[in-house]
2 protein chains.
Amino acid sequence: MTSLHGKHLIAGERRRDAEAQHRATQAATGEALDPAVADASAAEIDAAFAAAVAAHRALDPLVEPDLAAKTAAFLEAIGAHIEGLGDALVERATAETGLPQGRIVGERGRTINQLRSFAALVREGSWVGARIDRALPERQPIPRPDLRRMLVPVGPVVVFGASNFPLAFSVAGGDAASALAAGCPVIAKAHPSHPGTSELVGEAITAAARECAMPAGVFSLVHGPSHAVGQALVRHPSARAVGFTGSLRGGRALLEAAASRPDPIPVFAEMGSVNPVVFLPGALRERGAALATQAAGSITLGVGQFCTNPGVLLVPAGETGDAFVAGLAEALGAAGAGVMLDPNILAGYRRGVEARAASAHAERVPLTCAGPETRGLPALFTTTATALAADPSLREELFGPASLVVRWRDADDLLAALEGFEGQLSATVHAAENSDDAGLVRRVAPVLSRRVGRLLFGGFPTGVEVCPSMQHGGPWPASSDARTTSVGTAAIERFARPLCLQSAPAALVPPALQDQNPLGLLRLVDGVPTRDAL
Amino acid sequence: MTSLHGKHLIAGERRRDAEAQHRATQAATGEALDPAVADASAAEIDAAFAAAVAAHRALDPLVEPDLAAKTAAFLEAIGAHIEGLGDALVERATAETGLPQGRIVGERGRTINQLRSFAALVREGSWVGARIDRALPERQPIPRPDLRRMLVPVGPVVVFGASNFPLAFSVAGGDAASALAAGCPVIAKAHPSHPGTSELVGEAITAAARECAMPAGVFSLVHGPSHAVGQALVRHPSARAVGFTGSLRGGRALLEAAASRPDPIPVFAEMGSVNPVVFLPGALRERGAALATQAAGSITLGVGQFCTNPGVLLVPAGETGDAFVAGLAEALGAAGAGVMLDPNILAGYRRGVEARAASAHAERVPLTCAGPETRGLPALFTTTATALAADPSLREELFGPASLVVRWRDADDLLAALEGFEGQLSATVHAAENSDDAGLVRRVAPVLSRRVGRLLFGGFPTGVEVCPSMQHGGPWPASSDARTTSVGTAAIERFARPLCLQSAPAALVPPALQDQNPLGLLRLVDGVPTRDAL
């Protein structure tokens with residue numbers, strides 16, 4: 001395995017002011033993994049931001065006419081350097097997270113694809129939303145000036161690595177890739193459960209920045225095992241936006257820190273979700289056994305450690321529903337225990353399962369599986385739509401391979417239960433075509449759609465496609481800003497803001513807004529979309 | 001004049017639970033104006049939101065296939081009903097605000113044009129940003145599902161009327177028009193300085209809603225002379241977003257209320273700005289006298305009560321600059337005193353002028369004008385770039401016909417002064433072509449662009465064009481979210497969020513996302529913009 005140094009990467013320089021005391025844990029064995037890392041010092045954080053501010057000034061569409069091409073090349077180089085890490089990255093990520101090698105290899109592919117997809121978006125360039133309204137000097141009662149508007153980078157972005165996606169939502173994950181794609185410098189905070197993976201990826205980005213002659217401050221990586229580092233990053237005067245994927249509690253703490261700044265900044269936090277899945281009677285009659293197996297697969301995928309994990313299943317009362325629950329319990333039992341990401345997450349999961357088992361409003365379904373205390377065992381609970389209303393904790397996320405079956409009697413019972421849910425990343429309806437389900441799905445869909453970012457008809461919510469149409473984000477508490485997504489190319493919009501130039505001399509107009517449209521962008525000219533020159 | 005009732009309009013019904021005790025003031029005379037209004041009660045606020053929630057459910061793209069056409073017709077009908085108010089509206093608004101009749105007539109025209117421009121945007125329909133990624137059932141290792149994404153309304157929006165735009169930024173102003181255009185119900189809070197104008201416009205919207213068979217809860221108007229009503233609106237569980245134009249203090253209070261909700265919601269607040277105007281030496285040599293007259297006109301336009309008022313002018317040291325300041329002082333003196341919007345604003349302006357006059361770091365320039373104590377007198381101050389750094393209060397907005405001239409010695413002095421400014425709605429540079437200004441403007445423009453939403457080359461910032469390219473909003477404290485604008489068609493984006501439908505049956509897909517593209521929208525299909533059917 002490549003030898004690791006455990007230092008921060010501050011604008012291309014390795015540095016560590018404080019004594020390194022924190023080590024990650026090998027997820028499968030509980031053993032400590034070298035090297036140790038330390039909290040970033042205030043001086044290190046200041047240095048990262050000072051370099052980021054300088055990079056922001058250099059990566060300015062008014063200053064750097066080749067910003068799009070440079071950025072695209074940089075994103076592609078990051079992908080190539082991550083690929084170049086080879087097995088060392090897979091081994092370290094597997095050790096730190098307990099995720100199987102196949103999953104890490106797949107996640108690496110997704111991470112590189114994300115970088116390439118943002119590179120393609122930036123190279124094409126129309127994402128800047130160029131709009132031009134030409135001067136109307138003869139207009140009465142007053143002339144109209146020439147107005148040209150495009151998106152520009154917001155400035156230094158703080159990105160928090162997520163424990164459950166050591167690659168795709170960490171140092172070079174979706175938040176970092178979209179911020180860099182927007183032209184923003186990134187200061188990444190490594191997740192303390194995978195500091196080695198973070199270092200490897202951070203070195204890959206640093207090498208790519210050097211290779212592409214980007215300003216060094218375009219990227220820094222800091223470690224921060226204690227919460228103080230995260231707070232300091234969000235409160236730093238030079239931070240302009242924050243990307244976070246994690247728990248509701250963690251996200252809320254960052255939001256409060258950001259809102260209490262003298263100059264509040266946005267925190268794009270993707271937080272908890274139970275992703276309700278509604279089964280209608282026709283669907284269960286048609287394919288109940290298969291759905292039970294698929295549901296168990298979705299619940300236990302990645303040992304339940306996905307934000308799109310189906311945490312609540314709404315199943316009709318009666319025999320068909322009973323058979324589905326029995327099949328689900330059998331399949332969950334067969335799935336067995338899995339290694340969870342880190343000891344804190346395992347402990348949190350076990351506490352959550354015990355608390356739910358103790359609820360007067362839910363019952364635990366016995367499963368056949370057993371396993372060592374060091375692993376996450378699937379868990380299944382049942383309740384009724386009525387009882388669900390009595391215990392709001394049942395609608396909270398239980399991070400791990402657990403799900404709650406809610407039995408409903410009739411359409412009104414189901415709809416009332418659905419109205420009780422807060423915002424979700426996703427919701428799913430299973431309905432049979434050409435059955436009685438058709439009328440009900442028309443009533444269920446709008447109730448769900450008002451609470452979610454993504455509404456699935458069939459299938460299961462785990463497995464989030466990375467493409468322009470994806471929406472990964474939803475009303476609170478699924479995410480802090482339902483108008484944004486953290487997956488898919490639209491994620492770039494979080495880190496850019498419009499700038500309007502009025503009557504700008506031609507020599508000062510960036511390529512995206514020039515008369516001749518040298519980049520061939522799709523632009524809105526006098527209200528009409530076109531790729532034509534003026 | 002039409003007789004006014006002074007009641008709230010709750011989903012089409014006139015209602016007033018509390019005793020009416022607050023009267024507006026005739027701005028020019030200080031006399032109280034009938035009728036009195038009262039704070040909305042908790043029950044009235046609840047009723048408005050309950051109706052708004054019902055309207056939101058009805059105005060859902062999954063439920064109402066003709067949403068775009070209905071919304072466009074509604075916006076046009078509002079414009080027609082406001083036009084139909086005729087002289088009564090102009091008279092009342094003039095009395096309540098002290099703004100001259102010509103200004104009110106112009107603002108009415110702008111307000112109606114805004115409504116029509118949003119109607120056209122919604123009727124064309126592409127603003128929903130439809131994206132379709134078709135299913136790839138044969139893809140390896142896993143198939144891609146069919147994904148379709150569009151913007152949907154966020155839900156009930158609270159709109160605060162602004163004192164300085166009784167029509168264009170109040171009950172049917174830009175915030176309300178963009179929220180309604182997005183398909184959201186609006187609960188408008190009348191500004192207490194123009195309750196009668198608010199009532200007239202509120203009745204026009206109510207009549208339009210009835211005529212267009214919109215759900216009654218699509219619009220409510222509540223009065224709230226005390227801050228408690230605004231707080232209650234922002235904290236109401238059913239509120240989904242807030243639009244506000246006003247002071248930094250007022251905006252911050254609403255932001256804090258929204259951030260401390262169990263489920264935080266966005267507040268789109270357009271707040272203070274001093275809109276720095278930089279004069280380079282060549283420009284002053286070429287046309288200094290004309291610029292002085294134009295600057296005075298911009299400073300005193302609307303008695304200085306515009307958020308784009310040029311509050312700081314950066315003028316080079318030396319004779320050309322001296323002549324400019326002398327010309328400016330003369331023109332401001334000639335402009336004379338004006339009636340301000342209400343007694344509180346006048347008192348605030350007078351206090352601000354006195355405080356600035358008392359600053360050890362600025363000097364008051366004597367002006368020839370005089371006037372009654374009941375009017376706002378122009379005021380001019382000077383300081384140096386060095387002294388500006390010593391007193392941060394000099395960079396704060398002074399709402400009224402005042403400006404501060406900052407004399408700078410050389411390029412470094414100027415650039416250092418500019419780096420000290422916080423976020424601004426706008427900044428302006430005056431430079432002469434083919435002069436020494438050319439080099440300096442290249443250095444000044446990026447420094448300004450990083451702090452503003454709109455950067456002007458020549459001209460003055462007052463006068464904000466309503467068009468797709470406009471950006472009215474900037475980094476904090478100019479606005480609470482620099483990624484948004486409150487003027488121009490892009491303002492609609494504040495009140496919509498993406499919804500992704502995965503594998504939706506054709507019968508449930510809204511028109512914007514249907515295979516045949518029946519609305520003829522510009523859509524992104526498999527990453528390519530097109531108006532073609534699938």
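These figures come from a predicted structure and were not determined experimentally. (Residues numbered from 1 in each chain as written. Chains lettered and ligands numbered in written order. Predicted model: local features only at pLDDT ≥ 70, side-chain atom pairs only at ≥ 80, totals over all residues. Heavy atoms only, no water.)

**As for the overall build of chain A**
Worth spelling out the cut-off: Helix and strand definitions here come from DSSP, where helices need a minimum of 4 consecutive H or I residues and strands a minimum of 2 consecutive E residues; each element is numbered from the N-terminal end. The size measure is the radius of gyration over C-alpha atoms, and the globule rule it meets is 2.2 Å times the number of residues to the 0.38 power. A simple rule labels every residue: compare its accessible area, found with a 1.4 Å probe on the protein chains alone, to the largest value its type can have, and call it buried under 20%, exposed over 50%, or partly exposed in between. Only heavy atoms enter the contact rule, under which two residues are in contact if any of them lie within 4.5 Å. Note on areas: Shrake-Rupley with a 1.4 Å probe; residue coverage comes only from the protein chains shown. All tallies of charge rest on Lys and Arg as positive and Asp and Glu as negative; His and the ends of each chain are not included. Charged groups are reduced to one reference atom each: NZ for lysine, CZ for arginine, CG for aspartic acid, CD for glutamic acid.
Along its length, chain A carries 14 helices and 21 strands. Rg of the C-alpha trace for chain A: 25 Å, near the compact-globule value of 24 Å for 534 residues, within the 12% margin. The principal-axis extents of the C-alpha atoms in chain A amount to approximately 75 × 65 × 40 Å. The 534 residues of chain A split such that 62% are buried. Nonlocal contacts in chain A, meaning residues at least 24 apart in sequence, comprise 75% of its contacts between residues at least 6 apart. Summing over all exposed atoms, chain A offers an accessible surface of approximately 18,600 Å²; the carbon and sulfur share of this is 54%. Within chain A, one finds 46 positive and 53 negative side-chain charges whose respective centroids are separated by 3 Å.

**What about the domain arrangement of chain A?**
All names here are of chain A. Short version of the rule: Domain boundaries shown here were taken from an automatic or database domain assignment. Once two parts are put together, the accessible area they lose, assessed with a 1.4 Å probe and summed over both, is termed the buried area. Contacts described as polar in this section are N or O atom pairs within 3.5 Å, which, within protein, must combine one atom able to donate a hydrogen with one able to accept it, while residues neighboring in sequence count only if both atoms come from side chains. Here the term charged refers only to Asp, Glu, Lys and Arg, the term nonpolar to Ala, Val, Leu, Ile, Met, Phe, Trp, Tyr, Cys and Pro, and the term polar to all other amino acids, Gly among them.
When cut into domains, chain A gives domain 1 (8-21 + 35-271 + 484-494) and domain 2 (277-457). Between the C-alpha centres of domain 1 and domain 2 there is a distance of 34 Å. Taken together, the contacts link eleven residues of domain 1 with eleven residues of domain 2. In terms of surface lost to domain 2, no three residues of domain 1 exceed Ser163, Asn164 and Glu270, which account for 40% of the buried area on that side. Connecting domain 1 to domain 2 are one residue pair in polar contact (both at pLDDT 80 or more). Split by residue class, the side of domain 1 that touches domain 2 holds two nonpolar, six polar and three charged.

**Points about helix H11 (residues 343-358) of chain A**
All names here are of chain A. What counts, and what does not: An expected span of 1.5 Å times one less than the residue number is assigned to each helix. This arc is built from the directions going out from the helix axis to the C-beta atoms.
In a regular helix each residue adds 1.5 Å, so 16 residues correspond to 22 Å; H11 covers 23 Å between its end C-alpha atoms and thus fits that length. Those residues of H11 lying buried are Ile345, Leu346, Tyr349, Gly352, Val353 and Arg356. For H11, the angular spread of the buried residues around the axis is 125 degrees, confining them to a single face. With respect to the buried face of H11, the exposed residues turned more than 90 degrees away are Asn344, Arg351, Glu354, Ala355 and Ala358. The opening residue of H11 is Asp342, an N-cap whose side-chain oxygen sits 2.9 Å from the backbone nitrogen of Asn344.

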